[in-house]
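Now for the letters of each chain:
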Amino acid sequence: MIGTWRMAYEGLAKALTDLQQGGNSNDAIETAIKEVEDYPFFKSVGYGGLPNAQGLVEMDSAFMDGDTFAIGAVAGISDIKNPISVARQLSHDHFNSFLVGTGATQYAMANGFEARNMLTERARKIWQKRLREINEKNLSPYDGHDTVGMVSLDQKGSMTVGTSTSGLFMKKPGRTGDSALSGNGFYVDSEIGGAAGTGLGEDLMKGCLSYEIVRLMGTGLTPQQACDQAVYPFVDKLKRRYGKAGEFSLIALNNQGEWGIATNVEFTFAVGTEEQEAKIYMANPGPNQTTLIEPISEEWLAAYAKRIKAPVD
């Protein structure tokens, strides 16, 4: 199992234990992502996620079963505790499996999903601070767009991918990025592998990179080779033809349990296998369109824990 960012670790470790005991891939993804959604100090996912320009937490989430290609997704859902669970249920429906805005929220409430005000007092203070900074210092409103994306493989060979995010901080109401869009923020095929992305959705969706990574793995490339080959040439192409490229990072896992990463920024991720317990790593873009990966130090982890819980002025 592999997941984006440091925030994936606790949920991934919990789900990995279930997988090692014979649990299934679909349950593992929901369990792991709910853990991230429920933690109030992660500012870009679920409860505690930062709101849009009007102060409303609008969330996007997707779930895909690699055995059947069944997909469920929500975009712009609000006041619902666990969007990933709503997305998973929608994946069972052949029609109406991707719902947005009030339609997604109404569906969740009608089907018994727990309602909750997802705007914490901490997130509200951060939002108010950013409004002041915009007015007083003419700063850009946008800051933060870190999706949690995870790919899992169980002992029967079934694979699943899931994503969840509160999206771009201070986004315009109704905005969605790549996280709920198949082939962009996620894709999985149990006969090959899966991939998920995080970063600036407006640029990630220009390349359909999750699908491209899975396609490349299907030609025989390792997950690392597929990530490198899909991401770095596209970054160069986007800079050349669009003029710039936002931050983005991709993770991948194949049906043999091998994994890979590519990123154009400093990027943390969590991964665990049947033989190896869950660990956190740091990835950076390396020379000649490759990726440098190293374990996270205890000092970095301590600083991270202090930073995310720091008081808001």
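Figured I'd write up the structure that's included with this text. All values reported here derive from a predicted model rather than from experimental measurement.

With respect to unusual backbone geometry
Positive phi values are uncommon outside glycine, yet F69 reaches one of about 70°. Judged by its relative accessible area of 41%, F69 falls in the partly exposed class. Even without glycine at this site, N288 takes up a positive phi of about 55°. The topology assignment puts N288 in the loop between β12 (279–285) and β13 (291–295).

Observations regarding helix α1 (residues 9–20)
In this model α1 runs 16 Å from its N-terminal to its C-terminal C-alpha over twelve residues, within 8% of the 16 Å that 1.5 Å per residue would give. Buried residues along α1 sit against β1 (2–4), α2 (25–38), β5 (148–153) and β11 (267–271). A positive backbone phi angle near 95° is found at G22, which sits one or two residues after α1.

A closer look at the sheet that holds strand β10 (residues 259–263)
Pairing is antiparallel across the open sheet formed by four strands, whose spatial order is β7-β8-β9-β10. Lying at the two open borders of the sheet, with one neighbouring strand each, are β7 (186–189) and β10. Averaged over all adjacent pairs, the angle separating strand axes in this sheet is 10°, with direction ignored. Where strand β9 (residues 248–254) meets β10, five bridges bridge the pair, whose relative direction is antiparallel. Each residue of the ladder has a partner; that of L253, found in β10, is W259. Set on the sheet, helix α7 (residues 209–218) makes contact with β7, β8 (193–199) and β9; between it and β8 the angle comes to about 150°. Packed onto the sheet, helix α8 (residues 223–241) meets β9 and β10 and runs at close to 15° relative to β10.

A closer look at the environment of G55
Turning to its location among the elements, G55 is positioned in the loop between α2 and β2 (59–65). Sequence separation between G55 and V151 is 96 residues; the distance between their C-alpha atoms is 31 Å. Leaving out residues up to four positions away in the same chain, G55 has contacts with L119 and W127.

A word on the pattern of salt bridges
Overall, the coordinates contain ten salt bridges when judged by the stated rule. Across the salt bridge formed by R6 and E10, the nearest N and O atoms sit 2.7 Å from each other. Among the residues examined, R6 registers a relative accessible area of 13% and is labelled buried. A salt bridge links E121 to R124; the shortest N-O distance between them is 2.1 Å. Here E121 and its partner R124 are both found in helix α5 (residues 121–137), three residues apart, which amounts to about one turn of the helix. Taking the relative accessible area as the measure of exposure, E121 reaches 42% and is therefore partly exposed. Classification of R124 as partly exposed rests on a relative accessible area of 27%.

Looking at the packing of α1 against α2
Axis separation between α1 and α2 bottoms out at 7 Å; the angle between their running directions is 155°. Here α1 lies roughly antiparallel to α2, going by the angle between them. In the packing of α1 onto α2, the handedness of the crossing is right-handed. For the pair α1 and α2, contact is made by E10, G11, L12, K14, A15, D18 and L19 and by S25, A28, T31, A32 and E35, respectively. Across the contact of α1 with α2, the residue classes tally to five nonpolar, three polar and four charged.

Side note on the packing of aromatic side chains
By the definition in use, this model includes ten aromatic pairs. Looking at R116, its charged tip hangs above the ring of Y47, at a distance of 3.6 Å from the centre. Directly above the aromatic system of Y242 lies the positively charged group of K206, at a separation of 4.4 Å from the ring centroid.

Reading the values: the criteria
- Residues numbered from 1 in each chain as written.
- Predicted model: local features only at pLDDT ≥ 70, side-chain atom pairs only at ≥ 80, totals over all residues.
- Heavy atoms only, no water.
- Buried < 20%, exposed > 50% of the residue type's maximum accessible area, 1.4 Å probe, protein only.
- Helix = DSSP H or I, 4+ residues; strand = E, 2+ residues; numbered from the N terminus.
- Expected span 1.5 Å × (residues − 1).
- Contact = heavy atoms within 4.5 Å.
- Pairing = 2+ DSSP bridges.
- Axes fitted to C-alpha atoms, helices over the stretch in contact; angles between N-to-C directions.
- Salt bridge = Lys/Arg side-chain N within 4 Å of Asp/Glu carboxyl O.
- Parallel < 35°, antiparallel > 145°, perpendicular 65-115°, else oblique.
- Left-handed = near helix turned anticlockwise from the far one by under 90°.
- Nonpolar A, V, L, I, M, F, W, Y, C, P; charged D, E, K, R; others polar.
- Phe/Tyr/Trp six-rings, centres within 6.5 Å; stacked < 30°, edge-to-face > 60°.
- Lys NZ or Arg CZ within 6 Å of the ring centre and 35° of its normal.

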